[in-house]
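# A look at the structure
Chain residues, written in single-letter form:
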Amino acid sequence: MKRRWKQVLLVLIPLAVAGGIGARQWRTLQANVENLPSAPARSGEFLVKVRCRGELEAARSVQLSAPMNVPSLQIVWLAPSGGAIRQGDTAIRFDSSMVKQQLLEKEASLRQAQATLEQAQAEAQIRSEQDKRDLSATRYQVERARMEVSKQEIVSAIQGEESRIDLGLAQEKQRVQQAASNLHTASDTSRIASFTRVRDQAQTEVDIIKRRIERMEVKTPLTGIIVYLSNYSQGWMNAKPFKPGDSVWPGSVIAEIPDLTTLQLKAKIEEIDRGRIAIGQEV
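This is a predicted model, so every value here is computed, not measured.

This part covers the sheet that holds strand E2 (residues 61–65). Backbone-to-backbone hydrogen bonds pair the strands of a sheet. The strands run either parallel or antiparallel. As summarised here, the arrangement of the 3 strands in space is E2-E12-E8, forming an open sheet in which the pairing is antiparallel. With partners counted over all chains shown, the strands left at the sheet margins are E2 and strand E8 (227–228), one partner each. The sheet contact formed by E8 and strand E12 (residues 253–258) spans 2 bridges and is antiparallel. Across the sheet, residue Val227 finds its bridge partner in E12, namely Glu256.

If you want it as structure tokens, here you go:
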């Protein structure tokens, strides 16, 4: 019996001690909780910022190239690299002094060809008017000879025969004059066509040079930031962005303008932040 009570006491005493210690800790915790700082809380959206580094890339960009079919291209002016540029502004300007000299020469050739054509047209007009007068005179002589022939009933046989001979001569002269007039018309038409081709060729050359001069100022098709590409004419090791004074080949790409409305950021985020981002969030 005593042994059982000893066992009970061995169980109850540790429980009592543990209960006392627990009660003491509870009172201490309650006192600390009452002394903790507090603040009002409200329900709302909780924003978490995720920071990362990456590269901005444009989904769409426009390249500016040197004009085609324009020889001896040399850059004389460039818009500031990395600067903002508006649609329609001049971005690249090439040296056009040599082409303008060619334009002056071609315009002089055009004026000369035009003057030659106008002179040929004036001569053809004068010759045509002269042929008309000569034809009119021969027709008059033919009609007059016919009238003389019609009098053969009232004149002698000799005079009638002379009138018929005169009529034949007048008709032959009319045919000759008509043939000469046709020859003059064909010749003048051929000369005028030849001079017209020369004038048109000169006009075409002038138009080509004018279009070349227009293309020697490259304008931007959109608003953005201009970036100049590398010039590899001196080799890959010496490649540098294009600058004034560089000679370029026709059709070479000189600059690029990204469309700022299509910018995209390519970046990597930490694995711990992957759960904090979702499609449609503001960036």
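This part covers the sheet that holds strand E5 (residues 90–94). Taking strand neighbours across the sheet as the criterion, the 4 strands line up as E6-E5-E3-E11 in an open arrangement whose pairing is antiparallel. Looking along the sheet, the strands with just one partner apiece sit at the ends: strand E6 (217–219) and strand E11 (247–248). Bridging between strand E3 (residues 73–78) and E5 involves 3 bridges; their strand directions are antiparallel. Within the sheet, the bridge partner assigned to Leu78 lies in E5 and is Ile92.

Time to look at the nonpolar core. Formed by 28 residues in total, the largest nonpolar core has its most connected members in Leu64, Ile92, Phe94, Ile226, Val248 and Ile254. Those elements that provide at least two residues to this core are E2, E3, E5, helix H2 (97–149), helix H3 (157–215) and E12. When sequence neighbours within four positions are dropped, the list of residues in contact with Leu64 reads Ala91, Ile92, Val218, Lys219, Thr220, Pro221, Ile226, Ser252, Val253, Ile254, Ala255 and Ile257.

Glancing now at the pattern of salt bridges. Side chains carrying opposite charge are able to pair once their charged atoms draw close together. Inspection of every chain in the model, using the stated rule, returns 12 salt bridges. Residues Arg274 and Glu271 are paired through a salt bridge, measuring 3.3 Å at the closest nitrogen-oxygen approach. Among the salt bridges present, the one from Arg276 reaches Asp273, with a minimum N-O distance of 3.5 Å. A single network of salt bridges, built from pairs that share partners, joins Arg93, Glu217 and Lys219.

Let's shift gears to the side chain of Ser252. Looking at where Ser252 falls in the secondary structure, it is placed in the loop between E11 and E12. A distance of 2.8 Å separates a polar side-chain atom of Ser252 from the backbone oxygen of Trp249. Apart from the residues within four sequence positions on either side, Ser252 is in contact with Leu64, Ser65 and Ala66.

Right, let's talk about a nonpolar patch on the surface for a bit. A contiguous nonpolar surface patch, about 680 Å² in accessible area, is contributed by Leu56, Ile225, Val227, Leu260, Leu263, Leu265 and Val283. Its location among the elements puts Leu265 in strand E13 (residues 263–267).

With respect to the helices, strands and loops of the structure, Asp246 is situated in the loop between strand E10 (240–241) and E11. Asp246 sits in the buried class, given a relative accessible area of 11%. A distance of 3.5 Å separates polar atoms of two side chains, one belonging to Asp246 and the other to Asn231. Of note is the side chain of Asp246, whose polar atom sits 3.0 Å from the backbone nitrogen of Lys243. Setting aside its immediate chain neighbours within four residues, Asp246 contacts Leu73, Gln74, Ile75, Asn231 and Pro241.

Rules of the game
- Residues numbered from 1 in each chain as written.
- Predicted model: local features only at pLDDT ≥ 70, side-chain atom pairs only at ≥ 80, totals over all residues.
- Heavy atoms only, no water.
- Pairing = 2+ DSSP bridges.
- Helix = DSSP H or I, 4+ residues; strand = E, 2+ residues; numbered from the N terminus.
- Core = buried A, V, L, I, M, F, W, Y, C linked by side-chain atoms within 4.5 Å.
- Buried < 20%, exposed > 50% of the residue type's maximum accessible area, 1.4 Å probe, protein only.
- Contact = heavy atoms within 4.5 Å.
- Salt bridge = Lys/Arg side-chain N within 4 Å of Asp/Glu carboxyl O.
- Polar contact = N/O pair within 3.5 Å; in protein donor to acceptor, adjacent residues only side chain to side chain.
- Patch = residues over 30% accessible without salt bridge, like charges linked within 9 Å, V, L, I, M, F, W, Y side chains within 5 Å.
- Areas by Shrake-Rupley, 256 points an atom, 1.4 Å probe, with all protein chains shown as cover.

Taken by themselves, the reported measurements are silent on function.
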